[in-house]
Each structure stands twice: as structure tokens, then as C-alpha cells.
Amino acid sequence: MKDRYDYIVMGAGVAGLSFAHEVAKHGKSVLILEKDKQIGGLSQTIEYKGFRFDYCAHRFHTADPDLLKEVREIVGSTFKKHTKKSRIYMFGKFLKYPFELQNLLRAMKRTQAVKAIFSFGINFISRQIRSLLRIERTKFRDYRDWFTYYFGRTLYLIMCEPYTTKIWKTSPQDLSADWADQRFQGIKLTEFVARVIKKLLKLDFSSYSLEDESLAPDGGEFYYGEMGAQEIPDGYERALGKFDTDILTKVVIEKISEDDKKIEFVVRGDNVNKLKVAANESIISTIPLHDCYSYLERNNNSVKDYLENLTYMDIIFVYLLIGKEQVSNDHWLYFPDEDIIFNRSVEFTTWSKLMSPKGKTALCLDITCFEGDDTWIKSNHSLVKECISSSVKVGLIEEKEVEGSLVIRVKDAYPFYDLDYKNKLREVVEFIEKRGFIHCLGRTGIFRYNNSDGSIGMGIELAKKFISSDSAGSVLDYEVKEISY
Ligand SMILES: Cc1cc2nc3c(=O)[nH]c(=O)nc-3n(C[C@H](O)[C@H](O)[C@H](O)COP(=O)(O)OP(=O)(O)OC[C@H]3O[C@@H](n4cnc5c(N)ncnc54)[C@H](O)[C@@H]3O)c2cc1C
């Protein structure tokens, strides 16, 4: 390690790594400081008893061909293409997901289905009229407002309210409509309606069992490394090895002094000598905003207040080790019902056989919560017990098939978009970036609900701003193209 680099990056997630790679390609030196013992952040894969576990589903997909080309080159030949298979458990059945309306309607009670068609139809027609009159709405107060406008109240009550409330522990009317705008970007409702009508004409009444191949796949391609999500950060680490870069893990950052452009930290486990390294150009923060703010020598009471009300959502992963080859042929399954403790089930063996020992599989069940709430403080034993019982209830497994378990709690997994998050965020980021020395970046670093492609794209974009000498650049307004929960 040197005592001076062009850039110091806080956090070795994919945003920090892709930024480092882009500036290093242009001859810049970079030091990356990571608090964890492993790089990758939310896109990491952990090893346990011969299994490899991601932090839940981690498919890589992007609409940007240049970005796809870069990431494919970074990972190499082990990055394999898949066709997405996922389903949702509702009304006691596994249905296609993303929803196909006719599939959903068939699963509902008849009266409910008629109401849903009616309310969706009225909405659709009134929106077409508004569009002809050029008075279509573009501004929405909240997520409920947005969903009801596009899909109607009945489908809101069935499809949106229960699952959103389960995931976010908050009613859709208290969540920003930005979340919906990002989440559903690209849906063309006229095409959607045409598809539904076409399919309604040839209804078949097949079963809804887990073995039912006719309900899957639901289309959409993505890439995934044979050894898990970790292949992307590992690929970047390999690529960075060719340039003037260093990565330190198990780092505890203590202070950033902007006056002398230095950062102070210790490395856990080493002798506890404080290290001081200078950055010629900038410090890039991909870590939670609260951490970044706490390292500054500057402070400001209103920024502190904004930060107190800007929350990340946390998550618990319960991994069940299963003594058989396969549970389902889906990449993941969604569970909106309140009485099922987890939101999703992901079976990594379906993604790559190398993720489990031969003849075994595993389920990753995720539970969103906030640090310190009733769920977060539950014992691992009771979380596992409840997950097994829910998995048995929906027909995924039999209790006797579970051979082991692992529970992992991950903080700051989701930026929480409440109604006025945007104003608070702008104030905080502008304060941090004010002196032009620190720049925020990435899902966690700039509080942006995006997938890994968004974090990588943002990293490259910020690096390009620096390389083209636009060093005052910020990615606060980076446009997230498409996300999925
Ligand atoms: C449950 C779940 C499912 C997801 N599914 C998908 C998917 O299917 N496809 C997809 O593309 N994306 C998915 N994502 C999103 C994807 O994981 C993220 O977009 C991406 O990994 C974010 O990268 P990042 O570098 O921006 O942030 P992070 O990964 O959060 O990186 C920040 C880094 O900073 C480190 N750090 C934190 N605090 C400090 C500190 N004080 N000092 C030093 N280091 C620190 C962290 O350890 C971490 O390594 C999912 C995310 C979650 C939570």
C-alpha cells in the first residue's frame, strides 16, 4: 500500500469496483477500503458446508449492450445465460410471475375476478381518453395512487397492497411513487392488454403444482456466474490486479480530513496502528450515507435531522439445507401472504449445479425488517422453525428433508423511499459533496433503489465524469433504467 492514491473508494461493492476499474484503465491509482472480510457487498456469495449462498436472487440483466459486454468480459466464460422462471403463491396456488392477468383471474373467486376485470377495464378506457385529450397524469402522490391509476382499485387490493405492506412494513400510500416508476418502467399497458385478451381466448385449465412446467418459464433473459453472484466482484478484482490499485478488507474507517485530503483507518486483526492515506483527486463513498457523514469533520444540524429520517431497510436470509436434488424448477418464488414468514424463496441449484454439493439443494428465504424490530431480534432458532413451517405449508418441502440451516442478518439492504425521501436525500448528498472532494455512488452510497447493473453503470458514469475533467460531477440524478424487487 502507498501513502497516496488518485482516488480512495470506500466500499468494495460492484459500484466501487466498477468506478475503480474505469479510472484505473485511464492510468489513475486507486485504493479501495472495505469493512467486510470479503469484497462484493450485496452482490457477494458466501460459502457454507459445501454450499454457495448469494444474498437472495442475483440475476444480472441490463438494457445497455455496452454494459452487458463489459460485465460479460469481466466475468468470462462462466457467466451463463438463463431464461427466467418465477412464480407467485396466491390463493393457495403457484401462479405465473410477473402476473399474467388471465392466470391470476382464473385463480381468484369468480366474483372477485369480475370486479377486477371491470375496474381494470374502466381504468384502461379512461386513461386512453385522457391520453387522446392529452391530459394523462404523470405526477402521483404515492405508490397506491400510482398503482390504482394504472391497474384499478380491485387489483390494487389484491396484487399490490398485501405484498408491498409485507415487504416494506408500510402501506403503499406512505411509499413514494418513484418506487413504482422505477419498478414498472417499460411496461406498455396497451401491449399488456392485447396479450391478455389473446390469451383469454385460449384458456386452458391446467393445474398449479410446483412440477407444472407449462406455467414456467415466464420469459426474460439474464446472466449468472456458475459460482454465484460473487463472480462479478471477483472478475473486477482480477481486472483491477492489472492496474495500479489496492484493495484492503476488514477496514474500520475513522476520519476523513478534507483539508489535507486524507482518510484515517485501522485494519481489524492487524496491529492497531492508525493508517493515513491521501487522495489526490477524490474520495468515493459507496457506503451508507450515515457512515460517510459520521467520518466528516464538518457537521450541520439540519443535515443530521434529514439523516435521522432517511432509513435503509434491513433483511434476514434464512438458508435451509435440503437433502434432495431439487425442490422446484423456478429461479425464485414469491410469497405475498402475511402468514408465510418469508417474501421469497430462491433455490441456487436451479441457477447453477455448482452452488450445492451433489445430490443436495438449498432454499434461501428472505425476510425484510428493520434493525431492532420484533423480527430482527428473533432468535435464529425460531426464525428457522417458522421458515420450515411456512415452507411445509406451501408445499415446498417436508420437514424431514431439512438437514441444516444458516441465518444471516444484513443491514442497509434497501433504500427506503418514504414520501419525502428525495428532498432529504438531496440535502444530505449536496452537503457531503459540497467541497468537491467526496462523491457519493451506488445503491447504498447514494440511496438509490437499483440493481447491480445500475450500480455498475453509475460507477462507470462517475468515473467518466472525472476522466473528462468534469470533476464536480455528481450521480445524484443518475437515471435508474429498470429494477425488480
Ligand atoms: C435481497 C436483494 C436481492 C437483489 N437482487 C438483485 C438481482 O437479482 N439482480 C441485481 O442485479 N441486483 C440485485 N440486487 C441489488 C444488488 O445487490 C445491488 O444493486 C448491488 O450489489 C449494490 O452494489 P453497490 O456497490 O452499489 O452497494 P453495496 O453492495 O452495498 O456496496 C457497499 C460496500 O461498502 C461496504 N461498506 C459499508 N459500510 C462501510 C464502511 N463504513 N466502511 C467501509 N466499507 C463499508 C459494504 O460492506 C459493501 O461492500 C439485490 C439486492 C438485494 C438486497
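Notes on the structure follow.

Thresholds applied
- Residues numbered from 1 in each chain as written.
- Predicted model: local features only at pLDDT ≥ 70, side-chain atom pairs only at ≥ 80, totals over all residues.
- Helix = DSSP H or I, 4+ residues; strand = E, 2+ residues; numbered from the N terminus.
- Buried ≥ 20, exposed ≤ 12 C-beta atoms within 10 Å, placed from the backbone.
- Contact = placed C-beta atoms within 7 Å.
- Core = buried A, V, L, I, M, F, W, Y, C linked by C-beta atoms within 7 Å.
- Pairing = 2+ DSSP bridges.
- Axes fitted to C-alpha atoms, helices over the stretch in contact; angles between N-to-C directions.
- Near = placed C-beta within 6 Å.
- Nonpolar A, V, L, I, M, F, W, Y, C, P; charged D, E, K, R; others polar.
- Domains from an automatic or database assignment.
- Left-handed = near helix turned anticlockwise from the far one by under 90°.
- Arc of directions from axis to C-beta.
- Parallel < 35°, antiparallel > 145°, perpendicular 65-115°, else oblique.

**Things to note about the overall build of the chain**
- When helices and strands are counted, the chain shows 16 helices and 18 strands.
- The burial tally for the chain puts 45% of its 485 residues in the buried class.
- Once local pairs closer than 6 in sequence are excluded, the contacts in the chain between residues at least 24 apart make up 75%.

**Section: the nonpolar core**
- Core analysis: the biggest nonpolar cluster contains 129 residues, and Ile8, Val318, Leu320, Ala362, Cys364 and Val428 have the highest contact counts within it.
- Here this core takes eight residues from strand S13 (residues 312–322), the largest share from any one element.
- Sequence-distant contacts of Val428, defined by excluding residues within four places in its chain, comprise Leu289, Val303, Tyr306, Leu307 and Leu310.

**Let's talk about unusual backbone geometry**
- In this structure, Cys56 is a non-glycine residue whose phi angle is positive, near 75 degrees.
- Its place among the elements puts Cys56 in the loop between strand S4 (51–54) and helix H2 (65–75).
- The exposure class assigned to Cys56 is buried, which follows from the 20 C-beta atoms found within 10 Å.
- Its identity is not glycine, yet Lys261 carries a phi of approximately 55 degrees, on the positive side.
- Mapped onto the elements of the fold, Lys261 is located in the loop between strand S10 (251–257) and strand S11 (262–267).

**Observations regarding the sheet that holds strand S17 (residues 402–415)**
- The strand order across the open sheet formed by seven strands is S7-S6-S14-S15-S16-S13-S17, and the pairing between neighbours is mixed. Of all the strands in the sheet, the pair left with one neighbour each is strand S7 (93–96) and S17. Each adjacent strand pair in this sheet contributes to an overall mean axis angle of 25 degrees, direction not counted.
- As judged from the four bridges shared by strand S6 (residues 86–90) and S7, these two strands associate in the antiparallel manner. Within the sheet, the bridge partner assigned to Met90 lies in S7 and is Lys93.
- Contacts between helix H13 (residues 380–393) and the sheet are confined to S13, strand S16 (361–369) and S17, with S13 contributing the most and set at about 70 degrees to the helix.

**Brief notes about the site of the ligand**
- Looking at the ligand, there are 37 residues lining it, with Gly11, Gly13, Gly41, Gly442 and Asn451 nearest.
- Residues belonging to the shell around the ligand are distributed by class as follows: 16 nonpolar, 13 polar and eight charged.
- When we break the shell around the ligand down by domain, the ones giving at least three residues each are domain 1 (4–38 + 227–310 + 418–467) and domain 3 (312–415).

**Details of the packing of helix H5 (residues 143–151) against helix H6 (residues 153–168)**
- Between H5 and H6, the least distance of the axes is 8 Å, while the angle of their chain directions is 145 degrees. Crossing of H5 against H6: the hand is right-handed. Taking contact as the criterion, the partners of Tyr143, Arg144, Phe147, Thr148 and Phe151 in H5 are, on H6, Arg153, Leu155, Tyr156, Cys160 and Thr164.
- Residues belonging to the contact of H5 with H6 are distributed by class as follows: six nonpolar, two polar and two charged.

**What about helix H11 (residues 301–308)?**
- Taken together, the buried positions of H11 are Val303, Tyr306 and Leu307. Along the axis of H11, the buried positions cluster into a sector of 100 degrees, meaning they face one direction only. Opposite its buried face, H11 presents the exposed residues Asn301, Ser302, Asp305 and Glu308, each directed more than 90 degrees away.
- Check the buried side of H11 and you find it contacts helix H10 (289–295) and helix H14 (421–433).

**Regarding the pairing of S6**
- With five of five residues buried, S6 is to be regarded as a mostly interior element.
- Of the two faces of S6, the one lined by Ser86, Ile88 and Met90 and the one lined by Arg87 and Tyr89 are each fully buried.
- Pairing of S6 with strand S14 (residues 332–334), which is carried by three bridges, proceeds in the parallel orientation. By the bridge assignment for S14, Ser86 is matched with Trp332.
- Linking S6 back to S7 in an antiparallel pair, the connection comprises two residues, with Phe91 at a positive phi of about 55 degrees.

**Notes on the packing of helix H4 (residues 110–132) against H6**
- Between H4 and H6, whose axes approach to 7 Å, the crossing angle comes to 120 degrees. Considering their axes alone, H4 and H6 lie oblique with respect to each other. Along the contact surface, H4 presents Lys115, Ala116, Ser119 and Phe120, while H6 presents Arg153, Thr154, Leu155 and Ile158.
- Class assignment for the residues of the contact of H4 with H6 results in four nonpolar, two polar and two charged.

**Remarks on helix H9 (residues 231–240)**
- For H9, the tally of buried residues reaches eight of 10 residues, placing the bulk of the element in the interior.
- Within H9, burial applies to Glu231, Ile232, Pro233, Asp234, Gly235, Tyr236, Glu237 and Leu240.
- In this structure, the buried side of H9 is in contact with helix H1 (14–25), H2, strand S5 (79–83), strand S8 (221–225), strand S9 (245–248) and helix H16 (452–467).

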